[in-house]
Amino acid sequence: MDDFIRIEGISKKYDNKYVIKDVSMSIPSGRIIGLLGDNGIGKTTLLRLLGNLQKPDEGEIRVDNTPVTQMKIKDIVYLLEPSNIYDWMKIKEAIAFYSDFQADFDKEKALRICREFGLDPNAKITRLSKGNKEKVCLMLAFSRNAKLYLMDEPMGGIDPTLKKNIKKFILENIPTDATIIMATHLLKDLEVLFDQIIIMRAGKIIYVDTDEIRETRNQSIDEYYSEVMENAADN
Amino acid sequence: MLQIIKWEFVKQFHRLKWIFLFFAVILLSLALLPASWFETENDATSMILMFFSLTLMFGTLGLSLYPMYNMISDFRKKTYTMDRITGRSHIPVFFAKIIINLAVFFLAAGLVYTGTIMLDKFSTETLHYFTFTPNKPYLAIMLEMVLLYPAILLFCYMSASTNRYFRNHRTIGTFIGVAVVSIIASFFHLSGTVYYVVGLIIGIILIIASGRMADQRFEQHVYNY
């Protein structure tokens, strides 16, 4: 399978301190990838670099053979946090906002997802519960038809029923060749989603197929992740 | 561009609607109060008129500063990401904000004009509750309030935000920048058409330069915007 994302020796530092150092990897298309690691390890920064919201200090990222810095930000789906949405907006205004600016935003799909999630398009964002605000963020992301979806902690407040059906929901709402990279701490809830995982720990990146963990090692992703992190602590 | 202007208007409407409603209520109250009310002047009526007068004065001051705040406010909020992922360049957004500034300027001017007329009926030969006496032509005030001062503040803010020494102290960096620009400006004494043309050109150049800085460098060193 061709590499959809190719990351070559990227580094990023803030205030002369490396958050990401010399990271390289290749990611094929059509995969759902879990991005795991402790807080502050650089997961959000990596997502922002992939989304062209920030530029690496060194190295290059290519998406679909194009340097990501030459891509338009609007060609990549970046999942919002609830606090990113103007709270004076009604849900239907948030939908109108993105359908005005993003050519691949499907308004009909947005309204259908609202119905599936039990969201009233006339409801004001400020009056929604935390879980429903997260549903609005998911709705806005999955109403687009893009090739790359970047998600930072997408399901903290989502109800158990949706979490249970999340894989079905995602597969129904993205193009078949789309790639999703999802940073999360909710491994137990979401591990069923992942085709591959990236584990970030100080100075090192582990990129592994989940099938290999489940079938060869006979471990759950959660168990494997705990083992990796414990080994890292011992070292 | 029209979509950008539309959403900037919607955004500003939600931000300012309660302020303008508040002033509308004050102006309506003044319109409904008969001039003869003043003839029964007592502490209560004087206090109320003084309250209206001071509210209009500070409201006008606030609205005249609002265009400057309007240019940089998006960068200081979490909602920045919602705008950013639309992929719009900052340059047209900044110009849309200048159009909003113009609308706010006219609303503020309308407030001053109406407030002056409304309170004038309660004034005596010795006591004026609210008057506005400009010390320069209205066109110059408009150029400065709508474009020039907001563009200078924006440029200084953006320079401070993307400078390695000031990006963690943006407020201080911005004030230093504004002070430096003010000192430089004090050496030039332009007037008339030359002032308007130079002011317009400088304003536009600063907006474009700020937009480029915002597009290319603003997020690069900020890990919690």
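Residues numbered from 1 in each chain as written. Chains lettered and ligands numbered in written order. Predicted model: local features only at pLDDT ≥ 70, side-chain atom pairs only at ≥ 80, totals over all residues.

**Quick look at the overall build of chain B**
Stage number 1. Counting its secondary structure elements, chain B contains 7 helices and 0 strands.
Stage number 2. For chain B, the N- to C-terminal ordering of α and β elements is α-α-α-α-α-α-α.
Stage number 3. By its C-alpha atoms, chain B is 65 × 40 × 35 Å across when sized along the principal axes.
Stage number 4. Taken over 225 residues, chain B has a buried fraction of 29%.
Stage number 5. For chain B, restricting intrachain contacts to residue pairs at least 6 apart in sequence, the fraction spanning at least 24 positions comes to 77%. (Helix = DSSP H or I, 4+ residues; strand = E, 2+ residues; numbered from the N terminus. Buried ≥ 20, exposed ≤ 12 C-beta atoms within 10 Å, placed from the backbone. Contact = placed C-beta atoms within 7 Å.)

**Quick notes on the overall build of chain A**
Stage number 1. The secondary structure content of chain A amounts to 9 helices and 10 strands.
Stage number 2. Radius of gyration (C-alpha) of chain A: 18 Å, near the 18 Å computed for a compact globule of 235 residues.
Stage number 3. Considered along the principal axes of its C-alpha atoms, chain A spans approximately 55 × 40 × 35 Å.
Stage number 4. Out of the 235 residues in chain A, the part that is buried amounts to 41%.
Stage number 5. Sequence-distant contacts, at least 24 apart, represent 71% of the contacts inside chain A between residues at least 6 apart. (Rg over C-alpha atoms; globule rule 2.2 N^0.38 Å.)

**A closer look at the domain arrangement of chain A**
All names here are of chain A.
Stage number 1. Along its sequence, chain A is carved into domain 1 (1-75 + 147-157 + 177-235) and domain 2 (77-145).
Stage number 2. Centre-to-centre, using C-alpha coordinates, domain 1 lies 25 Å away from domain 2.
Stage number 3. Here the residues of the side of domain 1 that touches domain 2 are counted per class, giving 7 nonpolar, 3 polar and 2 charged. (Domains from an automatic or database assignment. Nonpolar A, V, L, I, M, F, W, Y, C, P; charged D, E, K, R; others polar.)

**Some remarks on the interface of chain A and chain B**
Frequently, the measure chosen for interface size is the accessible area that the parts lose on association.
Stage number 1. Facing the 19 residues of chain A at the interface are 16 residues of chain B.
Stage number 2. No other element matches the 3 residues that helix α2 (residues 91-101) of chain A contributes to the side of chain A that touches chain B.
Stage number 3. Each residue belonging to the side of chain A that touches chain B can be placed in one class, and the counts come to 10 nonpolar, 5 polar and 4 charged.

**Considering the sheet that holds strand β3 (residues 32-37) of chain A**
Residue and element names in this part refer to chain A.
Stage number 1. Taken in spatial order, the 6 strands of this open sheet run β6-β7-β8-β3-β9-β10, and their pairing is mixed. If you trace the sheet from one side to the other, it starts and ends with β6 (77-78) and β10 (204-209), each paired once.
Stage number 2. Pairing of β6 with strand β7 (residues 148-152) involves 2 bridges; the strand directions are parallel. For Val-77, the partnering residue across the bridge sits in β7 and is Tyr-149. (Pairing = 2+ DSSP bridges.)

**Comments concerning the pairing of strand β4 (residues 58-63) of chain A**
Residues and elements named next belong to chain A.
Stage number 1. Bridging between strand β1 (residues 3-14) and β4 involves 5 bridges; their strand directions are antiparallel. Bridge pairing in β4 links Ile-5 to Val-63.
Stage number 2. Bridging between β4 and strand β5 (residues 66-67) involves 2 bridges; their strand directions are antiparallel. Its bridge partner being in β5, Arg-62 is matched across the sheet by Pro-67.
Stage number 3. Hairpin connection between β4 and β5: a loop of 2 residues separates the two successive antiparallel strands, and Asp-64 in this loop has a positive phi of roughly 55°.

**Digging into the packing of helix α5 (residues 138-161) of chain B against helix α7 (residues 192-217) of chain B**
Residue and element names in this part refer to chain B.
Stage number 1. The geometry of α5 relative to α7 is characterised by a closest axis approach of 8 Å and an angle of 30° between their N-to-C directions. One finds that α5 runs roughly parallel with respect to α7. Note that α5 runs across α7; the crossing there is left-handed. On α7, the residues that touch Leu-139, Ala-140, Leu-143, Leu-147, Leu-148, Ala-151, Ile-152, Leu-154, Phe-155 and Met-158 of α5 are Tyr-195, Tyr-196, Gly-199, Leu-200, Ile-202, Gly-203, Leu-206, Ile-207, Ala-209, Ser-210, Met-213 and Ala-214. (Axes fitted to C-alpha atoms, helices over the stretch in contact; angles between N-to-C directions. Parallel < 35°, antiparallel > 145°, perpendicular 65-115°, else oblique. Left-handed = near helix turned anticlockwise from the far one by under 90°.)

**Section: the confidence of the model for chain B**
Residues and elements named next belong to chain B.
Stage number 1. Scored by pLDDT, chain B has a mean of 84; 91% of the residues are at 70 or more.
Stage number 2. By mean pLDDT, the top-scoring element of chain B is α5 (91), and the lowest-scoring one is helix α2 (residues 43-72) (84).
Stage number 3. Interface scoring of the predicted complex returns ipTM 0.74; its pTM is 0.80. (pLDDT = per-residue confidence, 0-100.)

**A closer look at unusual backbone geometry**
Residue and element names in this part refer to chain A.
Stage number 1. Even without being glycine, Asp-22 reaches a positive phi, approximately 50°.
Stage number 2. Relative to the elements of secondary structure, Asp-22 occurs in strand β2 (residues 17-28).
Stage number 3. Phi at Asp-64 takes a positive value of approximately 55°, unusual for a residue other than glycine.
Stage number 4. If you trace the backbone, Asp-64 turns up in the loop between β4 and β5.

**Focus on the pairing of β2(A)**
Stage number 1. Sheet topology note: the β1(A)/β2(A) ladder contains 8 bridges and is antiparallel. The partner of A:Lys13 across the bridge, within β2(A), is A:Tyr18.

**Some details on helix α3 (residues 107-117) of chain A**
All names here are of chain A.
Stage number 1. If you check which residues of α3 are buried, you get Ala-110, Ile-113 and Cys-114. Looking straight down α3, one finds its buried side chains confined to an arc of 105°; they lie on one side. Turned more than 90 degrees away from the buried face of α3 sit Glu-108 and Arg-115, all of them exposed.
Stage number 2. Those residues of α3 that are buried are in contact with α2, α4 (130-142) and α6 (166-173).
Stage number 3. At the exit of α3 stands Gly-118, carrying a positive phi of roughly 70°. (Arc of directions from axis to C-beta.)

**Concerning the sheet that holds β5(A)**
Residue and element names in this part refer to chain A.
Stage number 1. Across the sheet, 4 strands lie side by side as β2-β1-β4-β5; this open sheet has antiparallel pairing. One side of each edge strand has no neighbouring strand; the edge strands of this open sheet are β2 and β5.
Stage number 2. This element, helix α1 (residues 43-50), spans β1, β2 and β4 of the sheet and lies at about 125° to β1.

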